[in-house]
Amino acid sequence: MSKKILILETSVTLQKLFTTTLDNDDYTVQFTASGKEAIYTLFDFQPDLFLLNSDIQKPHSFEIVRIVRSLSCFKNLTIGIYANVPTPLDESFAMASGANAFVRLDPKTLVLNVEELASLSSSKIDKISVSQIKKTFDDSLLFTNTAELLYSDSYKNTIFSKIINLVDAIENMEEMVRTFLLLVAEICEVPIASLYIVENDGPHGYYVCSENMGEKEISDFLNVCAADFEKNQTDYNASKVVPKKLEAKPELNRFYSTKVQLSSYESENLKSTDEKNYFGTVHIVSEGNITSEKQDFFSFCAKNAGAIFEKALIVKKKMFFEKRIRRAFGRFVPDQIIDSLVMQVDDTDEKVAVGETRAVAILFSDIRSFTNISEKNKPDVLVAFLNRYFSMMVDIIKKHGGTIDKFIGDAIMAEFGTPVSYEDNCRRAVAAAFEMRAMLPNVEIGDLVLPDGMEFNIGIGIHYGDVIVGSIGSKDKTDYSVIGDSVNLASRLEGLTKTYGTQILVSDSVREDAGEDSFCFRHLDDVRVKGKKNAVPIYAVDRSEDEFPPEYKDAYIKGMDLYKQGIWNLARDYFTKALAAAEGDKAAKLMLSRCEDFIENPPENWDGAIAFTTK
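Residues numbered from 1 in each chain as written. Predicted model: local features only at pLDDT ≥ 70, side-chain atom pairs only at ≥ 80, totals over all residues. Heavy atoms only, no water.

Asker: Outline the pattern of salt bridges, supporting the account with residue identities and numerical values.
Answerer: Within this structure, the stated rule accounts for 24 salt bridges. Among the ionic pairs, R104 bridges to E91, the shortest N-O distance being 3.2 Å. Remark: E91 occurs in helix α4 (residues 90-97) and R104 occurs in strand β5 (residues 101-104); sequence separation between them is 13 residues. In this structure E91 comes out as partly exposed when scored by relative accessible area, which is 32%. Here E494 makes a salt bridge to R368, at a shortest N to O gap of 3.3 Å. With E494 in helix α15 (residues 485-500) and R368 in the loop between β11 (356-367) and α12 (370-376), this residue pair connects regions lying 126 residues apart in the sequence. Note on E494: relative accessible area 10%, which makes it buried. Classification of R368 by relative accessible area gives buried; the value is 14%. Residues joined in a network through salt bridges with shared partners are D366, R368 and E494. (Salt bridge = Lys/Arg side-chain N within 4 Å of Asp/Glu carboxyl O. Helix = DSSP H or I, 4+ residues; strand = E, 2+ residues; numbered from the N terminus. Buried < 20%, exposed > 50% of the residue type's maximum accessible area, 1.4 Å probe, protein only.)

And the structure:
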């Protein structure tokens, strides 16, 4: 049996093309020249396929398709729209109107395009239904259908404007949901509506309902909603979600009575703009049947609200991220860094929580002989002093762009380069240490009692290297921190400040990154600290070039060069000169003692670096 094709086409040229191309026993083709004629012809011809040129006007071909689709007997009719020179939106309009396919007619392959249209799969029309509707169909019914479509368009435009207005509450998810559910309930004339949505901390449920509804009816409805939600959100157990009842309007009471059972249930998914992701569901239930018109409006609401709620979730995620960042870092990180973090947050990934490798300058600071100080003071005096001391040091670190990682007893661990990195992280770290040392005389001692002969002092160690950065901890408590060998080395350097008698000790990587001329770096030794195989050159950071006389520096440098070569006799003489030029210098005294020891007991496999076996 040949396929019957009805074509709405006013161009004689295109009509001939269709006739010529489809001139065989497989097709029976009939043409019409107007929309009204096409609709009446559908009843008599009852085609397998209805084709329209998108250029048809008054009414437009898209509106003709919608009118045809409004007739129940033609709901499954295969309809194709074609165009010679389509506008950018023609295909979208065609599919939205109810067409099954849209074909662009290429002038070079016009015949092939026509064959493509003719080959569209067809659905059988219910001839009995066509016959029944034909008996009552006339111009008045055609006018009624057209008027209903126009009303639907107008009503949907009003609904759409109200949905767009949800943006006004985009920073308040609960109010957005409430406004949307009340809109859905009133449009669909239902006494209860709910919405389940996946937010930052998991699924949440909300509902509005008539104040006359019973608890059991509400509970039964919400159980069904939870089950439907889980169909697309299998990772969540929605049955454990306790939906929040939102304030409703008295108007919802009109849609509930005890005379008719709540029996018609519908649900729609909330989808992302690209319709690839589901992140929520909307649910309604009605007394008696929900009409096809109400179902259409319900689907329209859910489809258009999806994009708004998608943006709201992004905003809420950013607000949640900002709140967490400010809570975690507010006391220890400069405000401008937090602002930068918040501005940089990605819509789909909170990078701050993800482990990453990054080059960071780590600073450790420790109070000298704090154990002895603790033995001399009451706990409340110690706590009060530490609070004053920490406040001053934290302000300095933040001022230079550093982040306080943690307090470890009387020690401070800070980073420069995370969560926000600068081009001069090492210079900032050394500048902070420099100022921390300079501010020590201004630290208010208060009632703190120092051991006899002791001055309040600190040691600071800084190393620059790769660390792993991220939120580290358990499911109950996490901290944004850094881990790795570079952290351990910075801690060891702080400990070595006591050994070499200096307040600030940095690694060679810090000196190189900060710039050799940025501060007064003084090479003290090459050391191999516990846990490290390779030797690390270490440097003191002097207050100025004049802190040590030139003869001291000259003798110390020459002594170090001979010491590393294993010529300890000559090295001893230079360290002796250095100590004479700077009496009491602990580093020169240490190197002199080491030379004398090595002369008596030469170390095996000497490579110029001393190994420290303790932390």
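Asker: Residue-level account of the sheet that holds β5, with values.
Answerer: On the basis of which strands lie adjacent, the open sheet formed by five strands has the order β2-β1-β3-β4-β5 and parallel pairing. The sheet is open, and its two borders are formed by β2 (27-32) and β5, each paired with just one other strand. Put simply, the sheet's adjacent strands are angled 25 degrees from each other on average, direction ignored. Summarising the sheet, strand β3 (residues 49-53) and strand β4 (residues 78-83) pair through five bridges and their orientation is parallel. (Pairing = 2+ DSSP bridges. Axes fitted to C-alpha atoms, helices over the stretch in contact; angles between N-to-C directions.)

Asker: Which residues make up the environment of F50, and what are the values?
Answerer: Secondary-structure assignment places F50 in strand β3. For F50, a relative accessible area of 0% translates into the label buried. For the pair F50 and S122, spaced 72 residues apart in the sequence, the C-alpha separation amounts to 9.4 Å. Once residues within four sequence positions are removed from consideration, F50 is found in contact with L6, L8, A38, L42, I64, V68, L77, T78, I79 and G80. (Contact = heavy atoms within 4.5 Å.)

Asker: Explain the packing of helix α18 (residues 568-581) against helix α19 (residues 586-600) to me, and be specific about the residues and the numbers.
Answerer: Two numbers describe how α18 lies on α19: the axes approach to 9 Å, and their chain directions differ by 155 degrees. Judged by the angle between their axes, α18 and α19 are roughly antiparallel. When the axes of α18 and α19 are compared, the crossing they make is left-handed. Along the contact surface, α18 presents W568, N569, A571, R572, F575, T576, A578 and L579, while α19 presents A588, K589, M591, L592, C595, E596, F598 and I599. Of the residues assigned to the contact of α18 with α19, the class counts are 11 nonpolar, two polar and three charged. (Parallel < 35°, antiparallel > 145°, perpendicular 65-115°, else oblique. Left-handed = near helix turned anticlockwise from the far one by under 90°. Nonpolar A, V, L, I, M, F, W, Y, C, P; charged D, E, K, R; others polar.)

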